Amino acid sequence: DQQVKQNSPSLSVQEGRISILNCDYTNSMFDYFLWYKKYPAEGPTFLISISSIKDKNEDGRFTVFLNKSAKHLSLHIVPSQPGDSAVYFCAALGGGTSYGKLTFGQGTILTVHP
Amino acid sequence: DAGVTQSPTHLIKTRGQHVTLRCSPISGHKSVSWYQQVLGQGPQFIFQYYEKEERGRGNFPDRFSARQFPNYSSELNVNALLLGDSALYLCASSPTAGNYGYTFGSGTRLTVV
């Protein structure tokens, strides 16, 4: 049972434009949602998070939106830069089973073209 | 400051063998978690340890075990290796068990032949 899903395997964007990465979840008991960025041969790096009681969190070029009624969150990157090209994972924390467990989506490969 | 360090970075094992992977957390972090990432998928939770006690276990067979030492470093052991165990094994550390400030290591790439 895939509790966190990223339905777009890849996304291609022009430099300077907005990148929107999407994520859907099924478990309404998740406490926090996080976005991680991963380069090849490296571990995931934390980008930004949002509490389940908020609907928006912003950090520089990165904004995460949470729509609890739709069980959907999205990561907006504005403006996109070539260095943003990586795999982006959506993850959810908690969920009523293991307190500190992160449940990851499958990932979306973002390519930003110069 | 050193980040999360994992060893070895790569290894190749034969089906049926046993493997031990090691992780040193960031200094001051008392929680270590293990994840398995199969190619094309997101990381899957295997274990979490906090203060040397198991705090969570994912949906993995009993062939997988782990422990945490007094210095908070950790080992992941896998017995009777199967081809399907080939994956990137990631270790993450955090200050406490429920703190989401996880920092991941670069992982150990395990290939089972």
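Residues numbered from 1 in each chain as written. Chains lettered and ligands numbered in written order. Predicted model: local features only at pLDDT ≥ 70, side-chain atom pairs only at ≥ 80, totals over all residues. Heavy atoms only, no water.

Novice: Lay out the environment of Ala-92 of chain B with the relevant residues and their values.
Specialist: Residue and element names in this part refer to chain B. Mapped onto the elements, Ala-92 comes out in strand β9 (residues 87-94). Classification of Ala-92 by relative accessible area gives buried; the value is 1%. Sequence separation between Ala-92 and Trp-34 is 58 residues, and the spatial gap between their C-alpha atoms is 6.4 Å. Aside from chain neighbours lying at most four places away, what touches Ala-92 is Ser-31, Val-32, Ser-33, Tyr-102, Thr-103 and Phe-104. (Helix = DSSP H or I, 4+ residues; strand = E, 2+ residues; numbered from the N terminus. Buried < 20%, exposed > 50% of the residue type's maximum accessible area, 1.4 Å probe, protein only. Contact = heavy atoms within 4.5 Å.)

Novice: Summarise the pattern of salt bridges; cite the residues concerned and give the values.
Specialist: All names here are of chain B. Tallied over the entire structure, the rule returns 8 salt bridges over all chains. Close ionic contact of Arg-57 with Asp-62 constitutes a salt bridge, the shortest N to O distance being 4.0 Å. What makes Arg-57 partly exposed here is its relative accessible area of 38%. Here Glu-75 ties to Arg-67 by a salt bridge, and the two come within 3.3 Å at their closest N and O atoms. Connected through shared salt-bridge partners, Arg-22, Arg-67 and Glu-75 make up one network. (Salt bridge = Lys/Arg side-chain N within 4 Å of Asp/Glu carboxyl O.)

Novice: Help me get a handle on the sheet that holds strand β3 (residues 19-24) of chain B, residues and values and all.
Specialist: All names here are of chain B. Read from one edge of the open sheet, 4 strands run β1-β3-β8-β7, paired in antiparallel fashion. Strands with a single pairing partner mark the edges of an open sheet, and in this sheet they are β1 (5-7) and β7 (64-68). Across the sheet, the mean angle separating the axes of adjacent strands is 15° when strand polarity is ignored. (Pairing = 2+ DSSP bridges. Axes fitted to C-alpha atoms, helices over the stretch in contact; angles between N-to-C directions.)

Novice: Pulling in residues and values, what's your account of the state of the cysteines?
Specialist: All names here are of chain A. Considering all chains together, one arrives at 2 disulfides over all chains under this definition. In this model Cys-23 forms its disulfide with Cys-90; the gap between the sulfur atoms is 2.1 Å. The sign of the -70° torsion about the S-S bond sets the Cys-23-Cys-90 disulfide as left-handed. One end of the pair, Cys-23, is in strand β3 (residues 19-25); the other, Cys-90, is in strand β9 (residues 86-94), with 67 residues separating them in the sequence. By the burial criterion, Cys-23 is buried, and Cys-90 matches it. (Disulfide = S-S within 2.5 Å.)

Novice: Tell me what's going on with the pairing of strand β5 (residues 45-51) of chain A, and back it up with residues and numbers.
Specialist: Residues and elements named next belong to chain A. For β5, the tally of buried residues reaches 5 of 7 residues, placing the bulk of the element in the interior. By the bridge criterion, 6 bridges tie strand β4 (residues 30-38) to β5 in an arrangement that is antiparallel. Each bridged residue has a counterpart across the sheet, and for Trp-35 the counterpart in β5 is Ile-48. From the end of β4 to the start of β5, which pair antiparallel, there are 6 residues, and Ala-41 there has a positive phi angle of about 65°.

Novice: An account of the sheet that holds strand β6 (residues 56-59) of chain A is needed here, citing residue identities and associated values.
Specialist: All names here are of chain A. Across the sheet, 5 strands lie side by side as β1-β3-β8-β7-β6; this open sheet has antiparallel pairing. The sheet is open, and its two borders are formed by β1 (4-5) and β6, each paired with just one other strand. Of the strand pairs in this sheet, strand β7 (residues 62-67) and strand β8 (residues 72-77) are connected by 6 bridges, and their pairing is antiparallel. Paired with Asn-67 across the strands is His-72, a residue of β8.

Novice: Quick rundown of the packing of aromatic side chains? Include the residues and the values.
Specialist: When we look at a pair of aromatic rings, we describe it by the centre distance and by the angle of the planes. As enumerated under the stated definition, the model contains 13 aromatic pairs over all chains in all. Taking the centre distance of 6.1 Å and the plane angle of 90° together, the rings of Phe-89 of chain A and Phe-104 of chain A count as edge-to-face. Placement of the pair is Phe-89 of chain A in strand β9 and Phe-104 of chain A in strand β10 (residues 102-104), with a sequence separation of 15 residues. Accessibility expressed as a relative area gives 2% for Phe-89 of chain A, which makes it buried. Look at Phe-104 of chain A and you get buried, because its relative accessible area is 5%. Summarising the aromatic geometry, the rings of Phe-47 of chain B and Tyr-49 of chain B are spaced 6.1 Å apart at their centres and angled 55° between planes, so their arrangement reads as tilted. With relative accessibility at 1%, the residue Phe-47 of chain B sits in the buried group. Aromatic rings pair up to connect Tyr-36, Phe-46, Phe-89 and Phe-104 of chain A together with Tyr-35, Phe-45 and Phe-104 of chain B into one cluster. (Phe/Tyr/Trp six-rings, centres within 6.5 Å; stacked < 30°, edge-to-face > 60°.)

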